[in-house]
Amino acid sequence: MSLEKDRISSAQMIILGLFTLIGDMALVYPSLLAAGAHEDAWIAGLISIPLGLATVKLMVSAANINPNKTIIELSTQILGKWAGGAVAVSYLFFFLMAASTYVREIEDFMCTQIYEGTPGGVIRFMAIVLLVYGLRLGLENLGRSAQIFFPFFALFLISLILLFPNVQMERIHPIWNTPLPDMLHTIMYGVFYPYGEMCVFFMVYPFAQKHSKTSRDIFISLFIGALGLNLIVFLSLTVLGPYFSEHEFYPAYILAQRINIGNFLQRIEALLATTWIISTYFKTALYFYAFVLGTAQLLKLKTYRQLIFPVAFLIYGMTSILAKDIIFYVKEIPPFWVDWDFTYALVFPSLLLVVHFFRKRSAQNREQG
């Protein structure tokens, strides 16, 4: 019997996917790519799109082994009790760390850019209260809320067009000046940072109402979202320049401050901050949800809701001990985090597909023999 009774539509799953793809990446993605490829960061971003979509295709294929089971159930079903259990626990650890990290990102952004005098613990507490409230209402309500807030998110991406009068193309010259090893390393960041974190949908996909064109709609929407994400990178490079794109913590926030149409439409960075917090909230809620649901499935509990409050306290504590300050997790964590994304988005799904293929082939040979 399934622990989750709620169901979301394909459209709601796709909108949640866009929030997850762009989410916190809207602010930090330009600096990540510019740190490795400098003025060629936009090229690395464009090359990352097809590779990222191929990674998502791999994850969808793994999820379709049994579309009604989460990655926790699939792992134990295909790999066995012990190996599958180890993979499941590994996913759960990542879900917990990711949820804690995104809460920390919200805290640091609010405390450094908007509420500078507010203690971080207050912002963190408020974020976790909202997360608990959302999870208590259930997955279906999260999906509906995402639909309501999506127009605000789309409005922000459209508003970036207002920056085109400030574009200076000479800022991205010379082109292809980045050494190949650095470019390949940056492309890896561009693939597994935004797209690899879609692995959380292993825990959501079974509860979406799918139809014959669901896969097509997923890839079209993610392609559009990827173009929006890389538009932010391009504008950051051509408006702020590669140096500031690399060394500013939140280049997209600085970009929003540059929008000025006739000294009338200006200072809309509050819109960016609002849409970023909304998208990061839904991304964090999904990871929080994935952890409590997966834990309940692994421990064979009757419901996951009884875990929400204890895990909320756990995330509150984890958020404070993840890093000593913003500089540490912006500069030191990414090289290791991208390896996590690579593992959970490519290595483990590939392992499941390969083992499932050989087990299925072996079963067919026994039937024929």
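Residues numbered from 1 in each chain as written. Predicted model: local features only at pLDDT ≥ 70, side-chain atom pairs only at ≥ 80, totals over all residues. Heavy atoms only, no water.

- Within an unreviewed UniProt entry, the label attached to the protein chain reads Spore germination protein KB, and the organism entered is Paenibacillus jilunlii.
- UniProt, in its Sequence similarities (unreviewed entry) section for the protein chain, records the words "Belongs to the amino acid-polyamine-organocation (APC) superfamily. Spore germination protein (SGP) (TC 2.A.3.9) family."
- Annotation of the protein chain in UniProt includes, under Subcellular location (unreviewed entry), the sentence "Membrane". (UniProt positions renumbered as here; feature names shortened; annotations may be inferred.)

## Here we look at the overall build of the protein chain
Next, step 1: A count of helical and extended segments in the protein chain gives 15 helices and four strands.
Next, step 2: By the compact-globule yardstick of 21 Å for 369 residues, the protein chain fits well, its C-alpha radius of gyration being 21 Å.
Next, step 3: Along the longest, intermediate and shortest principal axes, the C-alpha atoms of the protein chain span 75 × 45 × 40 Å.
Next, step 4: Taken over 369 residues, the protein chain has a buried fraction of 55%.
Next, step 5: Looking at the protein chain alone, contacts between residues at least 24 apart form 84% of all its contacts between residues at least 6 apart.
Next, step 6: For the protein chain, the accessible area works out to roughly 16300 Å², and carbon and sulfur atoms hold 65% of it.
Next, step 7: In the protein chain, the 25 positive side-chain charges and the 23 negative ones have mean positions that sit 15 Å from each other. (Helix = DSSP H or I, 4+ residues; strand = E, 2+ residues; numbered from the N terminus. Rg over C-alpha atoms; globule rule 2.2 N^0.38 Å. Buried < 20%, exposed > 50% of the residue type's maximum accessible area, 1.4 Å probe, protein only. Contact = heavy atoms within 4.5 Å. Areas by Shrake-Rupley, 256 points an atom, 1.4 Å probe, with all protein chains shown as cover. Lys, Arg positive; Asp, Glu negative; His and termini not counted. Charge placed at Lys NZ, Arg CZ, Asp CG, Glu CD.)

## A closer look at a nonpolar patch on the surface
Next, step 1: Where nonpolar side chains cluster on the molecular surface, the patch consists of Val122, Phe125, Met126, Val129 and Tyr316 and spans about 450 Å² of accessible area.
Next, step 2: Tallying contributions element by element places helix H6 (residues 120-137) first for the nonpolar patch, with four residues.
Next, step 3: According to the relative accessible area criterion, Val129 is partly exposed, its value standing at 41%. (Patch = residues over 30% accessible without salt bridge, like charges linked within 9 Å, V, L, I, M, F, W, Y side chains within 5 Å. Salt bridge = Lys/Arg side-chain N within 4 Å of Asp/Glu carboxyl O.)

## Overview of the pattern of salt bridges
Next, step 1: Scanning the entire structure with this criterion turns up five salt bridges.
Next, step 2: One salt bridge connects Glu140 with Arg144, and the closest N-O pair in it is separated by 2.6 Å. Of this pair, Glu140 and Arg144 both sit in helix H7 (residues 139-159), four residues apart, which is roughly one turn of the helix.
Next, step 3: Residue class for Glu140 comes out partly exposed when judged on its relative accessible area of 25%.
Next, step 4: Relative accessible area serves as the criterion here: at 44%, Arg144 is assigned to the partly exposed category.
Next, step 5: Ionic pairing is found between Asp217 and Arg216, a salt bridge with its closest N-O pair at 2.9 Å.

## Brief notes about the packing of aromatic side chains
Next, step 1: Scanning the model with the defined rule gives 24 aromatic pairs in all.
Next, step 2: Relative to Phe150, the ring of Phe19 lies with its centre 6.3 Å away and its plane at 70 degrees, an arrangement referred to as edge-to-face. Separated by 131 residues along the polypeptide, Phe19 in helix H1 (residues 10-22) and Phe150 in helix H7 bring together distant segments of the chain.
Next, step 3: The interplanar angle of 50 degrees and the centroid separation of 5.0 Å between the aromatic rings of Tyr91 and Tyr344 together place this pair among those described as tilted. Note that Tyr91 is positioned in helix H5 (residues 81-114) and Tyr344 in helix H15 (residues 334-368), a separation of 253 residues in sequence.
Next, step 4: Using a relative accessible area of 0% as the deciding quantity, one classes Tyr91 as buried.
Next, step 5: Using a relative accessible area of 4% as the deciding quantity, one classes Tyr344 as buried. (Phe/Tyr/Trp six-rings, centres within 6.5 Å; stacked < 30°, edge-to-face > 60°.)

## Some points on the packing of H6 against helix H12 (residues 269-298)
Relative orientation and spacing of two packed helices are given, respectively, by the angle between their axes and the distance between those axes.
Next, step 1: The interhelical angle for the contact between H6 and H12, taken along N-to-C directions, is 60 degrees, at an axis separation of 10 Å. The angle between H6 and H12 places the two elements in the oblique class. In this structure, the crossing between H6 and H12 has a hand that is right-handed. Listed contacts from H12 to Leu130, Leu131, Val132, Gly134 and Leu135 of H6 are Tyr281, Thr284, Ala285, Phe288, Tyr289 and Val292.
Next, step 2: Broken down by class, the residue content of the contact of H6 with H12 amounts to nine nonpolar, two polar and no charged. (Axes fitted to C-alpha atoms, helices over the stretch in contact; angles between N-to-C directions. Parallel < 35°, antiparallel > 145°, perpendicular 65-115°, else oblique. Left-handed = near helix turned anticlockwise from the far one by under 90°. Nonpolar A, V, L, I, M, F, W, Y, C, P; charged D, E, K, R; others polar.)

## A short note on the packing of H1 against helix H9 (residues 214-240)
Next, step 1: Contact pair H1 / H9: the axes reach a minimum separation of 10 Å and the direction vectors enclose 30 degrees. One finds that H1 runs roughly parallel with respect to H9. In the packing of H1 onto H9, the handedness of the crossing is right-handed. Across the interface between the two elements, Ser10, Met13, Ile14, Gly17, Leu18, Leu21 and Ile22 from H1 touch Thr214, Asp217, Ile218, Ser221, Leu222, Gly225, Ala226 and Leu229 from H9.
Next, step 2: Residue composition of the contact of H1 with H9, grouped by class: nine nonpolar, five polar and one charged.

## Let's talk about H7
Next, step 1: The first and last C-alpha atoms of H7 sit 30 Å apart over 21 residues, in line with the 30 Å expected at 1.5 Å per residue.
Next, step 2: Taking the largest bend as the criterion, H7 deviates by roughly 40 degrees, centred on Phe149, and proline Pro151 comes between one and four positions later.
Next, step 3: Among all positions in H7, only Leu139, Leu142, Gly143, Ala146, Phe153, Phe156, Leu157 and Ser159 are buried.
Next, step 4: Contacts made by the buried residues of H7 are with strand E1 (8-9), H1, H6, H9 and H12. (Expected span 1.5 Å × (residues − 1). Bend = angle between axes of the 7 residues up to and from the residue.)

## Some details on the environment of Gly241
Next, step 1: Checked against the element boundaries, Gly241 lands in the loop between H9 and helix H10 (242-247).
Next, step 2: Residues Gly241 and Gln168, 73 residues apart in the sequence, show an inter-C-alpha distance of 8.6 Å.

## Describing H9
Next, step 1: Here H9 contains 27 residues, and its C-alpha end-to-end distance of 38 Å stays within 8% of the 39 Å for a straight helix at 1.5 Å per residue.
Next, step 2: Taking burial as the measure, the 27 residues of H9 include 19 buried ones, the bulk of the element.
Next, step 3: One or two steps after H9, the chain reaches Gly241, where phi turns positive at roughly 95 degrees.

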